[in-house]
Structures are given as structure tokens and as C-alpha cells.
Amino acid sequence: MITGMRSARRPDRAAALESGNPRTQAGEHLTAGTGWNVFSYLIAGMLCYGGLGWLISHFTHISVFFPIGMLVGLAISVGWIIYRYGRPFEQGNPPKGDDR
Amino acid sequence: MTGSAAAAAGGCHIFSGCGYPAPGLNDFNFTPLFTIGSFGFTKPMLLAVLSALAVIVFFWAAFAKPKLIPGRTQSLGEMGLLAVRDQILRPALGKKGDTYLPFITSLFFYILVCNLMELIPLLQFPVMSRIGFVWPLVFMMYGLYWYLGFKAKGFFGYFRSWIPAAPLPILIILVPVEILKYVIVQPFTLGVRLFANMFAGHLLLSIFMVATWYLASLSVGLLYAAGSLFMVFFVFLLELLVDLLQAFIFTTLISTYIADSLEHQH
């Protein structure tokens, strides 16, 4: 495997390539289920903070808190998803496509 | 035979004065085939039992007396088993996932056969389009991944593993989302995804089948009927794909959830 040039340019990717085949080791790498996990986070975030917003609007009679809560929940979910799944190379996934 | 299909079979055609007997929720309700006391045994139950028998008989025939040089049935069984192992279990769980191979394989083929029931003439009903058949599978999986989580990490350890490694202010925001994801969203979406796909597929298929019969008459309707018949074939092929895909997604997700229970680091 030629990694000399790549390791100088993109050490994180070179390290990921050398970390072995992710199929034989389980853990925090991207799998077929990751997409659905992300989906679960999106729903859970909206449900959680949308529910909180709904409760606030129910007691204060200001209906705008419900949609605001949903949006805040969505934003939190998206942020968390980017933080958790946005760095696949650090999680042992070799790069795919042209860089392989 | 259910509501709309019966109306269509009763000679209800275009230009004969009766409207299109659109299939709807009534097509998912069946009168019991027979009753035991107050318990009515319906067609979906019969199909669920038939599906289970089909899977049991097939794998029995394939692996009851395994040979070094496999025969036809055994080869087919091995292909199915290996497909589940390499496409569903290994990507999520790695080598240690092989422990769950019998469970996941039976589940995959049971759901697949249940779904395929919608395409077999005369049977023509996907068992999983009645949500009552989906929830037991979901609860079984739910129990399994909690049990495995407790076993692998201890009671409090499992709950602690839900908490991501982050500063306290962020944790206060994130922990409710994590709890909701594990306790409600994951099992709910798992069940509803399978149910809704099968429900919609069956409805789509019956809409075009009833329409073909309804439009068929000695008039320009025959042309429309041909169009509708084409759609029946198209949706049939589409459903073949959806049946396979839903069984695949259901079991893939269970493998992912099991992997999540066994080891979980953020």
C-alpha cells in the first residue's frame, strides 16, 4: 500500500487506511445502520424539545413555543450527528472513492 | 374476499352505473375462518403460521442431515445463511456477531416469507401489514437488546453508556435526546417502518388490481384496463424489492442495536 505521499498530506486518512479492515471489528464505525441511527436522533431531538415546547405553550398559552421547540430539537440533533458521525476517518473507516 | 374486491367481482364495471369500489381499510379486516370461543382465527393468522412452517420446513430439509458435499436444498440454505451473515451481521457486529446468526437468520426469513405472502396468488396478503404481527417482533428485539446491554455492562453501566462524553452543559441538552432515542424512537420507528411499507404496498397493489377488473368492459375502458394491468405488473416487481428490503432493514437494524448494546463508546 502506497501511503507515503498521503501520510504527508493527510495523515488522518493514512492512519485510517492502515487501521485494518473495519468489517472484522465492531465499534463506532459507520455501518448500514448508521443512517437509521441518524434518523432516530433527528426524530428524538424534535420529539424531546418539541414536547418541551408544547408543554410550555400549553401552560403559558403562547403557541409559538411548540414550533420553536421543534426547531431547537432539530438543531441539537443535527449538531450532535455532525459531531458524532461527521469524522469517519477517526472512527476507523478507510476513505472510499478517488482517495483509496 | 373483502369489501371492494367483492363489489368488483359482482359485475361492477365502468359505464355500468356503479362507481369505482376503491380499496381501503376494510380490505385489511377479515371475517374469521373459524372461531374457538370468542377467539376468531383469521386469514393473516393462517398466513403467519404458514410462513413460520415454510421457514422451519425449509431449514429442516436443508440442515437436518448436513453433508460435506451439499445437495440442492442444503446449498440453497447455506447461501441464505451466508448472505445474512455477510450482509447483515458481520458489517454491524464483526466476527462475534456469529453467535446471533440463528436468531437473525430465522427472523430475516420469517419476515421475508410473511411479506412475500402478498405476492402469492390466492393468499395475497402481507402478514406484516397488520401491525399486531409487527409489535411482538419489535418487543422481542427490544427485550433482547436491553438484556444484552445489562449483561455486558451491568444495570447501571448500561444506562451510563448512553451518556456521551461531553462537558456538563452539553450533557444536560443531550441526555434527554439519547434517552428518548433508546426508549421510544428506536423501537417505534422499527415497527412502524415495516408495517407502513407492507400496508402501503398491499393497498397500492389492490388498487390497481381492482381497477383493472373495474375498467375491463367492451368499450374504451379496455384500454384503461390494459394500462392498469401494466401497473399491476410494475407494482408487483416493486413490491418484490420492498419485501426483501424491509426484511433486510429490520434485521440490519436489530444487528446494529445489538452492537450498540454490547459496546458503546462516544
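By convention here, each chain's residues receive numbers from 1 onward along its written sequence. Chain labels run from A onward and ligand labels from 1 onward, assigned in the order the entries are written. Totals for whole chains, interfaces and linings use all residues, but because this is a predicted model, local features are given only for residues with pLDDT of at least 70 and pairs of side-chain atoms are given and counted only at 80 or more.

The next thing to look at is the overall build of chain B. By the criteria applied, helices consist of DSSP H or I runs no shorter than four residues and strands consist of E runs no shorter than two, each listed in order from the N terminus. When you go through chain B residue by residue, the secondary structure sums to 8 helices and 2 strands. Taken from N to C terminus, the helices and strands of chain B fall in the order α-β-β-α-α-α-α-α-α-α. A residue is called partly exposed when the number of other C-beta atoms within 10 Å of its own lies between 12 and 20, exposed at 12 or fewer, and buried at 20 or more, with C-beta atoms placed from the backbone. For chain B, with 266 residues in total, the buried portion stands at 33%.

Let us now look at the overall build of chain A. A count of helices and strands for chain A gives 4 helices and 0 strands. Residue burial in chain A is summarised as follows: out of 100 residues, 25% are buried. Residues are scored as being in contact if the C-beta atoms we place from backbone atoms lie within 7 Å. Of the contacts formed within chain A by residues at least 6 apart in sequence, a portion of 59% connects residues at least 24 apart.

Here we come to helix α4 (residues 101-116) of chain B. Here the expected length of a helix is defined as 1.5 Å per residue gap, with one fewer gap than residues. When the terminal C-alpha atoms of α4(B) are compared, their 22 Å separation across 16 residues agrees well with the 22 Å that a helix rising 1.5 Å per residue should span. Restricting attention to buried positions, one finds in α4(B) the residues B:I104, B:T105, B:L107, B:F108, B:F109, B:Y110, B:I111, B:V113, B:C114 and B:N115.

Let us now look at unusual backbone geometry. The phi angle at A:H61 is positive, at roughly 60°, despite the residue not being glycine. Relative to the elements of secondary structure, A:H61 occurs in the loop between α3 (34-60) and α4 (65-85). For A:H61, a count of 7 C-beta atoms within 10 Å puts it in the exposed group. Positive phi is not limited to glycine here, since B:Q124 has a value of about 45°.

Moving on to the nonpolar core. In this structure, B:I104, B:F108, B:I111, B:C114, B:M128, B:F250 and B:I258 are the most contacted members of the largest nonpolar core, which totals 39 residues. Those elements giving two or more residues to this core turn out to be α2 (43-63), α3 (72-93), α4, α5 (131-153), α7 (168-215) and α8 (221-262) of chain B. Counting residues per element, this core draws most heavily on α8(B), which supplies 9 residues. Apart from the residues lying within four places of it in its own chain, the contact partners of B:I258 are B:L93, B:Y100, B:Y145 and B:L148. By our criterion, buried Ala, Val, Leu, Ile, Met, Phe, Trp, Tyr and Cys residues that link up through C-beta atoms within 7 Å make up a nonpolar core. The next biggest cluster of nonpolar side chains, apart from the first, holds 14 residues, and it includes A:M46, A:L47, B:V177 and B:L180.

Moving on, we come to α3(A). With 27 residues, α3(A) extends 39 Å from end C-alpha to end C-alpha; this agrees with the ideal 39 Å at 1.5 Å per step. Turning to α3(A), its buried residues are A:N37, A:S40, A:Y41, A:I43, A:A44, A:G45, A:M46, A:L47, A:C48, A:Y49, A:G50 and A:G53. Of the surrounding elements, those touching the buried residues of α3(A) are α4 of chain A together with α7 and α8 of chain B. Downstream of α3(A) by one or two residues, A:H61 has phi in the positive range, about 60°.

To continue, consider the packing of α3(B) against α8(B). Residues and elements named next belong to chain B. Lines fitted to C-alpha atoms define the axes here, with helix axes fitted over just the stretch in contact, and angles between the N-to-C directions of these axes take values from 0 to 180 degrees. Where α3 meets α8, the axes come as close as 8 Å, and the angle between the chain directions of the two elements is 20°. For the element pair α3 / α8, the angle class is roughly parallel. Our pair here, α3 against α8, has a crossing hand that is right-handed. From α3, I88, L89, A92 and L93 reach across to α8, where they touch F248, T251, T252, S255, T256, I258 and A259. By residue class, the composition of the contact of α3 with α8 is 7 nonpolar, 4 polar and no charged. Note that the term roughly parallel is reserved for angles under 35 degrees, roughly antiparallel for angles over 145, roughly perpendicular for angles of 65 to 115, and oblique for everything else. Crossings are assigned a handedness: left-handed for a near helix turned anticlockwise from the far helix by less than a right angle, right-handed for a clockwise turn. Only Asp, Glu, Lys and Arg are considered charged in this grouping, and only Ala, Val, Leu, Ile, Met, Phe, Trp, Tyr, Cys and Pro are considered nonpolar; every other residue, Gly among them, is considered polar.

What follows concerns the confidence of the model for chain B. pLDDT is a residue-level measure of predictor confidence that goes from 0 to 100. Scored by pLDDT, chain B has a mean of 89; 95% of the residues are at 70 or more. As scored by the predictor, the complex reaches a pTM of 0.81 and an ipTM of 0.73.

With respect to the helices, strands and loops of the structure, B:P21 is situated in the loop between α1 (3-9) and β1 (34-36). Considering only alpha carbons, one finds B:P21 and B:S228, 207 residues apart in sequence, at a separation of 15 Å.

Chain-level statistics for chain A give a pLDDT mean of 74 and a share of 55% at 70 or above. Between residues 1-7 of chain A, whose pLDDT stays under 50, and residues either more than four places distant or in other chains, the model counts 7 contacts.

Let us look at the packing of α2(B) against α4(B). Residues and elements named next belong to chain B. In the contact formed by α2 and α4, the axes pass within 9 Å of each other and the chain directions differ by 135°. One finds that α2 runs oblique with respect to α4. Considering how the two elements wind past one another, α2 and α4 form a crossing that is right-handed. Residues A48, S51, A52, A54 and V55 of α2 touch α4, and the partners they reach there are S106, F109, Y110, V113 and C114. In the contact of α2 with α4, the residues fall into 8 nonpolar, 2 polar and no charged.

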